[in-house]
Amino acid sequence: MTTGPLEGVTDSGGTVGKLAVHADGPVIQTQALTKRYRSDVTALDGLTVSVAPGITGLIGANGAGKSTLIKILLGLLEPTTGRAMVFGIDCGRHGEQIRTLIGYMPEHDCLPPDVTATEFVTHMGRMSGLPATSAKERAAESLRHVGLHEERYRLVGTYSTGMKQRVKLAQALVGDPRLLLLDEPTNGLDPAGRSEMLDLISRIGTEFGISIVVASHLLGEIERICDHIVAIEAGRLLRADTITSFTGASRMLRVEVDEGIQALEDELARRGLSPRRQQRSILVPLVGDATFDAIRDALADLRAPLSRLELSRHSVEELFRESAGAQAPGQPDLVTTEVPDVR
Ligand SMILES: Nc1ncnc2c1ncn2[C@@H]1O[C@H](COP(=O)(O)OP(=O)(O)OP(=O)(O)O)[C@@H](O)[C@H]1O
Ligand SMILES: [Mg+2]
């Protein structure tokens, strides 16, 4: 939730208090960020990542460290070691200033049941430093934006889960933030509600032109609205990439032959493809029509009897496993829990 004064923030860069806001560089940067809650719980483990402007999916299984990272970015939790910065400002040292730039939607239900949505969001606007009249106006705008205009005078306690999630989003927006940190915004919603919430988040990103981080354990669910993905597991970075390279890498051709699989694998490699054996199949990254041509020619040259050729997707878990291996050679396998793939 936004707290603190808003003065000093200008549209492009500018300052907050006496601190320069670097709007042109990465929105978020962490360097070897580690958080231990007790000596035996390491929630973040040397996480180094940089988040560009746009909508970023923060993906990880339960307990991966998503909420911990968000709270450190808000300056609400202190890292054990390492650093985190938002717009170039150190989160550990300048939490109060940073919170004036961020709208935060917490993971858990945290709404007071016995006030109206208007009262609550106006109050949060006041908390973020807005004068009374502006807070009221901004609250009305935010509630309209999330589709709660008609219902804004109802007590929050009478709202459905979907409406409560929207109030949480409205209060995150009310202080006119530069960055939104949304912790599992689709929690508790049915499939239609999830889809509407994601559309709403996507529209906010486009219309307000602000950066958004959306934490989720379902990559398949949020990938359609994201420009970038940061995947973490057990507090470590699995992969940070643009969504196109994530989904692009997932296009694979599965080739199966009745006999001579080793010879075919060798031949495909000789033709410059990157074949990989998976039990009785060969997986070949699909680059374009040339991939089909090369497979056809290899089969013809070897007179290999083709039994199956199909487009297959990497499972998300496979992608994670590969990138974990690539980024941390010699390290133990980082993927120990399943990240569900709902596609
Ligand atoms: N206050 C705390 N005290 C002790 N351990 C904690 C605390 N908060 C989180 N943890 C532990 O730190 C790890 C990371 O938790 P975190 O809540 O950041 O994960 P998450 O990715 O947000 O998970 P979820 O998807 O379940 O929300 C977990 O092992 C969790 O049990
Ligand atoms: Mg969490």
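Presented here is an overview of the structure given in this document. Everything numeric here is computed off the predicted structure, so don't read it as measured data.

## Let's talk about the site of ligand 1
Among the 13 residues in the neighbourhood of ligand 1, the closest are listed as Y37, A43, K66, S67 and T68. Mapped onto the shell around ligand 1, the elements with two or more residues apiece are β4 (41-51) and α1 (66-73). Per element, the largest residue contribution to the shell around ligand 1 is 3 residues, and it comes from α1. By residue class, the composition of the shell around ligand 1 is 4 nonpolar, 7 polar and 2 charged.

## Details of the sheet that holds β4
Strand order in this open sheet of 4 strands is β4-β3-β6-β7, and the pairing throughout is antiparallel. On the outer flanks of this sheet lie β4 and β7 (89-90), each paired with one strand and no other. Relative to β7, strand β6 (residues 81-86) runs antiparallel, the two being bridged by 2 bridges. Residue pairing for β7: V86 is matched across the bridge by I89. Sheet strands in contact with α1 are β3 (28-38), β4 and β6, and its direction is about 115° off that of β3.

## Remarks on the packing of helix α9 (residues 261-270) against helix α10 (residues 289-302)
Across the interface, α9 lies against α10 with an axial gap of 10 Å and an inter-helix angle of 130°. In terms of axis orientation, α9 runs oblique to α10. In terms of crossing hand, the pair formed by α9 and α10 is right-handed. Contacts between α9 and α10 involve A263, L264, E267 and L268 from the first element and A294, I295, A298, D301 and L302 from the second. Class assignment for the residues of the contact of α9 with α10 results in 7 nonpolar, no polar and 2 charged.

## A short note on the nonpolar core
Grouped together as the largest cluster of nonpolar side chains are 74 residues, with contacts concentrated most on L73, V86 and L181. In this structure L181 touches I70, L73, L74, I102, Y104 and V213, once residues within four positions along its chain are discounted. Residues V255, L268, V284 and I295 belong to the second largest nonpolar core, which totals 11 residues.

## A short note on the packing of helix α3 (residues 117-127) against helix α4 (residues 132-145)
Viewed as axis vectors pointing N to C, α3 and α4 meet at an angle of 125°, and their least axial separation amounts to 8 Å. Considering their axes alone, α3 and α4 lie oblique with respect to each other. As for how α3 packs across α4, the hand of that crossing is right-handed. Of the residues in α4, those in contact with A117, T118, V121, T122, G125 and R126 of α3 are A132, A135, K136, R138, A139, S142 and L143. A class-by-class count of the residues in the contact of α3 with α4 yields 6 nonpolar, 4 polar and 3 charged.

Here is what the cut-offs are and how they apply
- Residues numbered from 1 in each chain as written.
- Chains lettered and ligands numbered in written order.
- Predicted model: local features only at pLDDT ≥ 70, side-chain atom pairs only at ≥ 80, totals over all residues.
- Near = placed C-beta within 6 Å.
- Helix = DSSP H or I, 4+ residues; strand = E, 2+ residues; numbered from the N terminus.
- Nonpolar A, V, L, I, M, F, W, Y, C, P; charged D, E, K, R; others polar.
- Pairing = 2+ DSSP bridges.
- Contact = placed C-beta atoms within 7 Å.
- Axes fitted to C-alpha atoms, helices over the stretch in contact; angles between N-to-C directions.
- Parallel < 35°, antiparallel > 145°, perpendicular 65-115°, else oblique.
- Left-handed = near helix turned anticlockwise from the far one by under 90°.
- Core = buried A, V, L, I, M, F, W, Y, C linked by C-beta atoms within 7 Å.
- Buried ≥ 20, exposed ≤ 12 C-beta atoms within 10 Å, placed from the backbone.

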